[in-house]
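Topology and contacts: notes
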Amino acid sequence: MSSTQLEARRSGGAFPGAGGSKAEHRQPLWRRLGGRQPIGSLMVSPYLLYLAAVFVYPLGYAVWISFHDYFFTAPGVQVDRPFVGLDNYVAVLSDPAVWRSFTNIAVFLVINVPLTVVGSLVLATALNKRMRFRSFFRTAYYIPYITASVAVVGVWLFLFNTNGVVNKALGPLAPDPSWLVNSTLAMPLVAVFVAWKQLGFFVVLYLSALQNVPNELYESAAIDGAGKFRIFRSITVPAVRPATLLVLILATVTGANLFTEPYLLTSGGGPDGATTSPVLLMYQRGLQQGHPDEAAAIGVILVVLITAISLVYRRFTERD
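Residues numbered from 1 in each chain as written. Predicted model: local features only at pLDDT ≥ 70, side-chain atom pairs only at ≥ 80, totals over all residues. Heavy atoms only, no water.

A word on the overall build of the chain
We count it as follows: Helix numbers and strand numbers start at the N terminus; a helix is a DSSP run of H or I with at least 4 residues, a strand a run of E with at least 2. Throughout this description, buried means an accessible area under 20% of the type-specific maximum (1.4 Å probe, protein chains only), exposed means over 50%, and partly exposed covers the range between. Only heavy atoms enter the contact rule, under which two residues are in contact if any of them lie within 4.5 Å. All accessibility values rest on the Shrake-Rupley procedure with a 1.4 Å probe; residue burial counts only the protein chains present in the view.
Across its full length, the chain carries 16 helices and zero strands. When the 320 residues of the chain are sorted by exposure, 34% land in the buried category. Partitioning the contacts of the chain with sequence separation of at least 6, the portion at a separation of at least 24 is 62%. Summing over all exposed atoms, the chain offers an accessible surface of approximately 19,600 Å²; the carbon and sulfur share of this is 64%.

Some details on the layout of surface pockets
Keep this limit in mind: With a 1 Å grid laid over protein atoms only, a set of points is called a cavity when a 1.4 Å probe fits there but cannot get out and a pocket when it is open yet has protein on both sides within 12 Å along at least five of seven lines; lining residues have an atom within 4 Å of a point. Grid points are joined across faces, edges and corners, and a volume is the space filled by probe spheres set on the points. Gly is put with the polar residues, along with every residue not named as nonpolar or charged; the nonpolar set is Ala, Val, Leu, Ile, Met, Phe, Trp, Tyr, Cys and Pro, and the charged set is Asp, Glu, Lys and Arg.
Here the largest pocket is characterised by a volume of approximately 760 Å³. For the largest pocket, the lining is made up of 28 residues, of which Leu59, Asn257, Met282, Gly299 and Val303 are closest to its centre. Elements with a contribution of two residues or more to the lining of the largest pocket: α4 (38-66), α13 (241-256), α15 (278-288) and α16 (292-319). At 10 residues, α16 tops the list of elements feeding residues into the lining of the largest pocket. The computed volume of the second largest pocket comes to approximately 410 Å³. Lining the second largest pocket are 13 residues, with Thr125, Asn128, Lys129, Tyr218 and Ile231 sitting closest to its centre. Those elements that place two or more of their residues in the lining of the second largest pocket are α11 (215-223) and α12 (228-239). With four residues, α12 is the single largest residue contributor to the lining of the second largest pocket. When its residues are assigned to classes, the lining of the second largest pocket shows six nonpolar, five polar and two charged.

A word on the packing of α11 against α12
Here is the rule we go by: Orientation is described by axes fitted as lines to C-alpha atoms, over the contacting stretch for helices, and by angles from 0 to 180 degrees between their N-to-C directions. The cut-offs work like this: below 35 degrees is roughly parallel, past 145 is roughly antiparallel, 65 to 115 is roughly perpendicular, and the gaps in between are oblique. Two helices crossing with the near one rotated counterclockwise from the far one by less than a right angle form a left-handed crossing, whereas a clockwise rotation gives a right-handed crossing.
Following both chains from N to C, one finds α11 and α12 inclined at 150°, their axes separated by 11 Å at the closest point. Between α11 and α12, the angle falls in the class roughly antiparallel. Both α11 and α12 take part in a crossing whose hand is right-handed. Residues Leu217, Tyr218, Ala221 and Ala222 of α11 form the contact with α12, whose participating residues are Ile231, Ile235 and Thr236. Across the contact of α11 with α12, the residue classes tally to six nonpolar, one polar and no charged.

Here we look at unusual backbone geometry
Look at the link from Asp176 to Pro177: it is a cis peptide, with omega at 5°. Turning to its location among the elements, Pro177 is positioned in the loop between α9 (165-170) and α10 (186-210). Despite not being glycine, Ser267 has its phi angle at roughly 55°, a positive value. Overall, the relative accessible area of 70% leaves Ser267 in the exposed class. Not every positive phi belongs to a glycine, and Asp272 is a case in point at roughly 55°.

Looking at the packing of helix α7 (residues 134-146) against α10
As a packed pair, α7 and α10 sit with axes 6 Å apart at the nearest point and diverge in direction by 130°. Compared by their axis directions, α7 and α10 come out oblique. The way α7 lies across α10 gives a crossing that is left-handed. Contacts between α7 and α10 pair Arg138, Tyr141, Tyr142, Pro144 and Tyr145 from the former with Trp196, Lys197, Gln198, Gly200, Phe201, Val204 and Leu207 from the latter. Tallied by class, residues from the contact of α7 with α10 come to eight nonpolar, two polar and two charged.

Some details on a nonpolar patch on the surface
What counts, and what does not: Only residues above 30% relative accessible area that lack a salt bridge enter a patch, with like-charged residues linked at up to 9 Å and the nonpolar side chains Val, Leu, Ile, Met, Phe, Trp and Tyr linked at up to 5 Å. Any Lys or Arg side-chain nitrogen found within 4 Å of a carboxyl oxygen on Asp or Glu counts as a salt bridge.
Residues Tyr47, Tyr50, Val54, Phe55 and Val56 make up a contiguous nonpolar surface patch of roughly 530 Å² in combined accessible area. Counting through the fold element by element, Tyr50 comes out in helix α4.

Side note on the nonpolar core
Using the following cut-off: Buried Ala, Val, Leu, Ile, Met, Phe, Trp, Tyr and Cys residues form a nonpolar core when they are joined through side-chain atoms within 4.5 Å.
Counting residues in hydrophobic clusters, the biggest one holds 39 residues, and the most contacted among them are Phe108 and Tyr206. Only α6 (96-127), α8 (149-160), α10, α12 and α13 provide two or more residues apiece to this core. Top contributing element to this core by residue count: α10, with 13 residues. Not counting the four nearest positions on each side in its chain, Tyr206 is found in contact with Val117, Ser120, Leu121, Ala124, Val240, Ala243, Thr244 and Val247. Counting 13 residues, the second-largest nonpolar core is a separate cluster that includes Val98, Phe102, Ala256 and Leu281.

Observations regarding the packing of aromatic side chains
Pairs of aromatic rings are described using the distance from one ring centre to the other and the angle between the two planes. Under the convention used in this document: Aromatic rings from Phe, Tyr and Trp, taking only the six-membered ring of Trp, are treated as a pair when their centres fall within 6.5 Å; an angle between ring planes under 30 degrees marks them as stacked, one over 60 as edge-to-face, and anything in between as tilted. Sitting over a ring, as applied to charges here, requires NZ of Lys or CZ of Arg to be within 6 Å of the ring centre and within 35 degrees of the ring normal.
Scanning all chains against the criterion turns up 20 aromatic pairs. With a centroid separation of 5.4 Å and an interplanar angle of 15°, the aromatic rings of Phe259 and Tyr263 are classed as stacked. Over the face of the ring belonging to Tyr70 we find Arg81, whose NZ or CZ atom lies 4.2 Å from the ring centre. The ring of Phe71 carries the charged tip of Arg81 above its face, separated from the ring centre by 5.7 Å.

Structural notes on α4
We count it as follows: Bend is the name given here to the angle between axes fitted to two runs of seven residues, the run ending at a residue and the run starting at it.
Considering bend angle alone, the principal kink of α4 is centred on Ser45 and spans about 40°; proline Pro46 follows within four residues of it. What α4 keeps buried is the set Pro38, Ile65 and Ser66.

Written out as structure tokens, the structure reads:
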């Protein structure tokens, strides 16, 4: 073996004459870092920096806080924050209020996510067809999503408070205590409210997916005698499966971060904590009660659970 070949082998390169590997070995550093599309990598780099600054760093810092005895101090004051291991996790997992908040959010997701997926898909399918005032209906369904939550909450309080329009319409059939002060009905009502408010956004996602479904499939199924429900089940649902996975994940993540709606609708998680979500409890523990280390532990547990649920969604969707 010649000295040139020995040097090439020691450096991890190819023998002279192996054109493809040698060309890759001689590529400049910027080409190897940028991949096959360095311009594209350059274009997305600001967004990657944004993700690192807004998501990655806060999440890493929250994990660090959850393992330390952390408390707020005045700006510039240096204090010792000792490592406490899993003490914060043990404290929150042994707290009935924490378990209650996760149970509340489970009830919310069980109601909200299926309602969001089914409602948005059905509405998107209807709005994708030629119909009178189609643009008006598309805009009408999207307006609640872009309307300020405070304004929309005011309307629902007017409808569902003790002397609201709904109770007056129901008369003796109205629940007692009323909707938002009933420990059984408060969280389901919040779930319905969030599904209604965000329905327009998910309808847009499904409409975008339905634009890519060939009309020939529907025409062939109609010629073969398939009914509307069979066409919907056998063509529409499988065709928009990637959009369904996206809607499932977004609805779950949004629901897991529930804060504004129970805070405004039920005056901070009432009655008796029936609508307290983990994020609302984090706010109460971290800012109101001065225990940011426990609040960070709750947040880390929530992130792990939602990541696991999203992976389950993906596995079942891809398997089907």
